[in-house]
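If you want the building blocks of each chain, they are given just below.
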Amino acid sequence: MATMQVVPALGGLPAIDEESGSVNVIVETPKGSRGKFKYDDKTGGFLLHKILPVGFAFPLDFGFVPSTMAADGDPIDVLLLLDVPVTTGIIVKTKLIGAIEAEQKEPEGKFVRNDRLLGVAVEVIEPPGLEDIAALPDRMLEQLEQFFVGYDRLQGKEFRPLRRTGPEAAMALLRESIAAQYAG
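Residues numbered from 1 in each chain as written. Predicted model: local features only at pLDDT ≥ 70, side-chain atom pairs only at ≥ 80, totals over all residues. Heavy atoms only, no water.

A. Broad picture of the overall build of the chain. Counting its secondary structure elements, the chain contains two helices and nine strands. Listed N to C, the secondary structure of the chain is β-β-β-β-β-β-β-β-α-β-α in terms of helices and strands. Taken over the C-alpha trace, the chain has a radius of gyration of 15 Å; the compact-globule value for 184 residues is 16 Å, and the two agree within 12%. Each of the three principal axes of the chain carries a C-alpha extent, and together these read 40 × 40 × 30 Å. In the chain, which comprises 184 residues, the share counted as buried stands at 46%. Of the accessible surface of the chain, which amounts to about 9,100 Å², a share of 54% is contributed by carbon and sulfur atoms. (Helix = DSSP H or I, 4+ residues; strand = E, 2+ residues; numbered from the N terminus. Rg over C-alpha atoms; globule rule 2.2 N^0.38 Å. Buried < 20%, exposed > 50% of the residue type's maximum accessible area, 1.4 Å probe, protein only. Areas by Shrake-Rupley, 256 points an atom, 1.4 Å probe, with all protein chains shown as cover.)

Listed below in structure tokens is the structure:
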């Protein structure tokens, strides 16, 4: 495995906690928020990036894994299944349960991968025993996908879900994004 390059403003936080093996996820936007927040590595703080229209809110806590780079040039995205929203900036030790693999068409017409990993907090797995995306209701996953279809449409982009994959594929996507961070 490559030497871990870390995000300095986050205190050198690696993607994977070496002691526990859990994935470090930093929450950007809490569940239920109309405000989309974005981590700014220049200041080490979170900026209000945009406000969603009335009736539009994030369905789950939305964050990213530090020390990664996804195909879209940002850290890889994670949706956290938690019973309560988590405050922006909180680090959640996470177990990945799967991914919604997707591509996004940018305004200039180019498609890039923009996968969404799904995870549960290691200490507070709800519902208990949730280990795999396959245990989630199809209707819930369809609604998550449709949220991002609508969210991207508001920005002049197109979001296309490709497939849903389990925990092993989610970890492979994470490892690819770790390698991409250190390759560049």
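So that's the structure; there's more coming.
B. Structural context of the packing of aromatic side chains. Scanning all chains against the criterion turns up eleven aromatic pairs. Considering the side-chain rings of Phe147 and Phe148, the 5.0 Å spacing of their centres and the 85° angle between planes classify their relative orientation as edge-to-face. Classification of Phe147 as buried rests on a relative accessible area of 8%. By relative accessible area, Phe148 is classed as buried at 2%. Relative to Tyr151, the ring of Phe148 has its centre 6.3 Å away and its plane inclined at 80°; by these criteria the two rings are edge-to-face. Here Phe148 pairs with Tyr151, and both are found in helix α1 (residues 138-154), just three residues apart, close to one helical turn. Here the aromatic residues Phe56, Phe58, Phe62, Phe147, Phe148, Tyr151 and Phe159 are joined through ring pairs into a cluster of three or more. (Phe/Tyr/Trp six-rings, centres within 6.5 Å; stacked < 30°, edge-to-face > 60°.)

C. Here's a closer look at the pairing of strand β5 (residues 77-80). On β5, burial covers both faces: Asp77 and Leu79 on one face and Val78 and Leu80 on the other are all buried. Relative to β5, strand β4 (residues 61-64) is paired through four bridges, and the arrangement is antiparallel. Directly across from Asp61, in β5, lies its bridge partner Leu80. Across four bridges, the pairing between β5 and strand β8 (residues 116-121) is parallel. Considered in β8, the bridge of Leu80 is made with Gly119. (Pairing = 2+ DSSP bridges.)

D. Summary view of the nonpolar core. Counting residues in each nonpolar core, the largest one holds 22 residues, and the members touching the most others are Val65, Ile76, Leu80, Leu117 and Leu174. Counting only elements with at least two residues in this core, the list comes to β1 (23-29), β5, β6 (91-105), β8 and α2 (167-183). Per-element tally for this core: the top contributor is α2, with five residues. With near-sequence residues (within four places) excluded, Leu117 lies in contact with Ile76, Asp77, Val78, Leu79, Leu96, Gly98, Ala99, Ala170, Leu173 and Leu174. The next biggest cluster of nonpolar side chains, apart from the first, holds 21 residues, and it includes Ile97, Ile100, Ala102 and Leu141. (Core = buried A, V, L, I, M, F, W, Y, C linked by side-chain atoms within 4.5 Å. Contact = heavy atoms within 4.5 Å.)

These values are about where atoms sit, not about what they do.
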